[in-house]
Amino acid sequence: MTPLPAITAFTAQEFEERLQPLALERFRARQILQWIYRRRASSFETMTDLSLEHRTLLAQSFRPSCTSVAQRHACADLTEKLLLRLDDGNLIETVLIRDGDRKTVCVSTQVGCPIRCVFCASGLDGRARDLTTAEIVEQVLTIQNALPEGDRVDNLVLMGIGEPLLNYANVTRALRIFKASWGLGIGYNRITLSTIGILDRIPQLVEDRVTPNLAISLHAPNDRIRREIVPTMKKKVAELIRAAVEYKRATKKNVTLEIVLLDGVNDDKKHALELGKKLRGTRVKVNVIPFNRVAEVPYREPSPERVTRFVKTLGSCGVPVTVRKRKGDAISAACGQLRHQARPRDTAVAIQGEPIPIPPSALDPSAETPQA
Ligand code: SAH
């Protein structure tokens, strides 16, 4: 039997249409969405301004949500990570990062990832499937509902597991729900989508008027190193930089090029100079991310001195550059790490909720330290 659809799968307009066959008035849609997104309702019974008949009818046609919390890990720096269980038993991870008053959620978009960047834990098992709209939306909603009453998530980064632009329809529908006043009310200026560079989809975001801030994972100053780090992608460095410049021009949003620094691979002064030369005059910002150790891959993070030298060299070329702060070290907040540890052979452990071994590494996808 196919499970009932979750309300979080729909935009307000789609939900209004779904209510028509049930003979519920159109305005009921927004009333119900308010219960879901603002009033933390977890069942139809609690929606007390609906008649009992309506509540029964709704419960026969929909579910309020389709995910459940399988594990919750908290860290001393107030970073929190949730593992959510999906209908098919798959687990996905979502992270809450606190920085002062700011609450940022790091959202996953696929179960696993097909891209296989050589240093990343998310791609180690490949991609199982895309997440549905509801599964993407509920990551943020679940975290928000766990915050003290009145507290709201205010920033989103699509930097969890998966390549968001390979799940375009669900990701853009979820972004509309995040932004909507009847939804989570988080504007596109406070959302950053990170992509490996699925280039035909970037102008499509502009065309579809779904325009979050954009981060493109460049990782390399030239095509040879890019192919070494992202072997499954053929896109050229020049094309990726052009896409960044174009999106910035078209949307006036923040656009960043991300470079994960791997010791001895792409972290040399000459690499910074090569990249600096290519970016001169573009005003596109670079975000340097020192590698977070993943047990299964042979790469190492560069020494702080090498990171500083890379950043200073780029800065001296006139490139605005920031370095990402680390958070959540004790809970494997780096992409894919927690889920990778809890993958199917470990499912029994995950279901019993027993502690799982956690290596010391993580990243904070939102908080940045300006360097230049
Ligand atoms: N698929 C998207 C989102 C990936 S996660 C993309 O490729 O952009 C967001 C960022 O974290 C990416 O730049 C990714 O390369 C980086 N990242 C993944 N694993 C990492 C690790 N172990 N250490 C440091 N950065 C990592």
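First, a word on what this report is: a plain description of the structure on this page. Please read these numbers as outputs of a predicted model, since none were measured by experiment.

Considering all chains together, one arrives at 20 salt bridges under this definition. Between arginine 173 and glutamate 14 there is a salt bridge; the shortest N-O distance is 3.2 Å. Here arginine 173 is found in helix H5 (residues 168–179), whereas its partner glutamate 14 is found in helix H1 (residues 12–19), with 159 residues between them in sequence. Given a relative accessible area of 27%, arginine 173 falls into the partly exposed group. A salt bridge links lysine 278 to glutamate 274, with the shortest nitrogen-to-oxygen separation between them at 4.0 Å. In this pair, lysine 278 and glutamate 274 both sit in helix H9 (residues 269–279), four residues apart, roughly one turn of the helix. The class for lysine 278 is partly exposed, based on a relative accessible area of 39%.

Moving on to the nonpolar core. Ranked by size, the top nonpolar core spans 107 residues in total, and within it Phe178 and Val286 carry the most contacts. A domain-level breakdown of this core finds at least three residues from each of domain 1 (7–61) and domain 2 (77–342). With residues near it in sequence (within four places) discarded, phenylalanine 178 still touches Ile136, Val137, Val140, Leu156, Leu184, Gly185, Ile186 and Ile191. Judged by nonpolar contacts, the second largest core, of six residues, contains Ile97, Val157, Met159 and Ala215.

Let us look at the site of the ligand. Of all residues adjacent to the ligand, which total 18 residues, the nearest are Gly162, Ser194, Ser217, His219 and Asn292. Within the side chain of serine 217, an N or O atom sits 2.6 Å from an oxygen atom of the ligand. One of the side-chain nitrogen or oxygen atoms of histidine 219 is found 3.1 Å away from an oxygen atom of the ligand. Here the ligand loses 97% of its free accessible area of 530 Å² to cover by the protein chains. Only strand E8 (191–195) and strand E10 (255–261) provide two or more residues apiece to the shell around the ligand. A per-class count over the shell around the ligand returns nine nonpolar, seven polar and two charged.

Let us look at H5. Between its terminal C-alpha atoms H5 stretches 16 Å, which fits the 16 Å expected from twelve residues at 1.5 Å a residue. Contacts made by the buried residues of H5 are with helix H2 (28–37), helix H4 (133–146), strand E7 (155–158), E8 and helix H6 (201–207).

The rules behind these values
Residues numbered from 1 in each chain as written. Predicted model: local features only at pLDDT ≥ 70, side-chain atom pairs only at ≥ 80, totals over all residues. Heavy atoms only, no water. Salt bridge = Lys/Arg side-chain N within 4 Å of Asp/Glu carboxyl O. Helix = DSSP H or I, 4+ residues; strand = E, 2+ residues; numbered from the N terminus. Buried < 20%, exposed > 50% of the residue type's maximum accessible area, 1.4 Å probe, protein only. Core = buried A, V, L, I, M, F, W, Y, C linked by side-chain atoms within 4.5 Å. Domains from an automatic or database assignment. Contact = heavy atoms within 4.5 Å. Near = heavy atom within 4 Å. Polar contact = N/O pair within 3.5 Å; in protein donor to acceptor, adjacent residues only side chain to side chain. Areas by Shrake-Rupley, 256 points an atom, 1.4 Å probe, with all protein chains shown as cover. Nonpolar A, V, L, I, M, F, W, Y, C, P; charged D, E, K, R; others polar. Expected span 1.5 Å × (residues − 1).

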